[in-house]
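Next come the chains, spelled out residue by residue.
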Amino acid sequence: MSRTPYIAANWKMNKTVAEAAQFIDTLLPRIAATQADVVVCPPFTALTAVVERRYGTAVKVAAQNMHEEESGAFTGEISAAMLVELDVEAVVLGHSERRQFFGETDEALARKVPAALAADLEPILCVGESEEARDGGETETVLERQLQTDLAGVDSVALAGVVIAYEPIWAIGTGRVATPEQAQEACAFIRDVLRLRGAAADEIRILYGGSVKPANAAEILSQPDVDGALVGGAALDAEDFAAIVEAAG
Ligand code: PGA
């Protein structure tokens with residue numbers, strides 16, 4: 001089964017509105033011929049600038065987080081409806097930096113994923129093991145627990161609309177990329193877990209994230225169960241990100 005490649009730029013806490021606009025203006029002509037789904041994940045403050053520049057192009061816009069409730073006394077938080085109103089189409093959920101630094105729990109994610117789907121936002125759910133878990137042979141246990149808990153409230157039909165990003169924590173921002181074999185093995189395992197959930201697992205895009213660069217993208221993306229990439233550091237430069245999109249075809 002052929003799945004459309006999905007390449008996402010996770011800017012994290014980077015880029016002002018002016019910088020975001022400049023990035024998009026450089027990127028668009030470089031990726032005009034791509035067949036891949038290209039997704040840009042700006043900070044909340046630059047969402048509108050990116051949305052406005054990408055109208056009429058194939059670029060989709062994703063937020064980096066959202067709250068599971070529709071509204072209420074949650075200072076500093078943003079709801080799904082607020083994102084949809086801006087014409088944002090997707091949202092990154094459960095990034096390991098949110099899990100590590102901001103106390104994001106699997107229980108909260110079990111509410112966030114259905115809330116995103118209900119609002120017609122495509123969730124990009126991040127899962128991945130720590131170095132300790134990998135060294136201890138616990139990778140599959142961790143991935144399975146995260147997937148089962150975070151997707152508990154999503155039925156098998158809706159599951160087809162979720163994008164999964166496999167991001168081993170030890171590879172994020174470290175320059176230590178997983179080998180193509182490690183990425184393939186984990187993404188295939190994730191697909192098997194989704195299949196057991198009754199999902200149309202062969203339709204679900206599973207991305208690899210962690211130190212993806214123009215130089216290593218093609219080899220990772222050529223793995224049969226790796227359908228795309230979630231790119232951090234290398235996605236801050238429009239030329240580098242365009243080169244990764246090109247590697248996806
Ligand atoms: P990185 O980040 O490409 O800088 O390793 C990936 C991510 O955190 O999504």
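This report concerns the structure included in the present document. (Residues numbered from 1 in each chain as written. Predicted model: local features only at pLDDT ≥ 70, side-chain atom pairs only at ≥ 80, totals over all residues. Heavy atoms only, no water.)

## Some words on unusual backbone geometry
Although it is not a glycine, aspartate 120 adopts a positive phi angle of roughly 70 degrees. Although it is not a glycine, serine 211 sits at a positive phi angle of roughly 60 degrees. Along the chain, serine 211 falls in the loop between β7 (206–209) and α9 (214–221). (Helix = DSSP H or I, 4+ residues; strand = E, 2+ residues; numbered from the N terminus.)

## Focus on the side chain of glutamine 64
Its location among the elements puts glutamine 64 in the loop between β3 (59–63) and α3 (80–85). Overall, the relative accessible area of 19% leaves glutamine 64 in the buried class. Within the structure, the side chain of glutamine 64 is placed 3.0 Å from the backbone oxygen of lysine 12, a separation counted as a polar contact. Within the structure, glutamine 64 has its side chain in polar contact with the backbone oxygen of proline 42 (distance 3.4 Å). Residues contacting glutamine 64, with those up to four places away along its chain left out, are Asn10, Trp11, Lys12, Met13, Cys41, Pro42, Pro43, Val92 and Arg98. (Buried < 20%, exposed > 50% of the residue type's maximum accessible area, 1.4 Å probe, protein only. Polar contact = N/O pair within 3.5 Å; in protein donor to acceptor, adjacent residues only side chain to side chain. Contact = heavy atoms within 4.5 Å.)

## Re the packing of α9 against helix α10 (residues 238–248)
Two elements in contact, α9 and α10, have axes separated by 9 Å at closest approach and are oriented at 20 degrees. The orientation of α9 with respect to α10, classified from their angle, is roughly parallel. Pair α9 / α10 crosses with right-handed handedness. Residue-level contacts link Pro214, Ala217, Ala218 and Leu221 of α9 to Asp240, Ala243, Ile244, Ala247 and Ala248 of α10. Partitioned by chemical class, the residues of the contact of α9 with α10 number eight nonpolar, no polar and one charged. (Axes fitted to C-alpha atoms, helices over the stretch in contact; angles between N-to-C directions. Parallel < 35°, antiparallel > 145°, perpendicular 65-115°, else oblique. Left-handed = near helix turned anticlockwise from the far one by under 90°. Nonpolar A, V, L, I, M, F, W, Y, C, P; charged D, E, K, R; others polar.)

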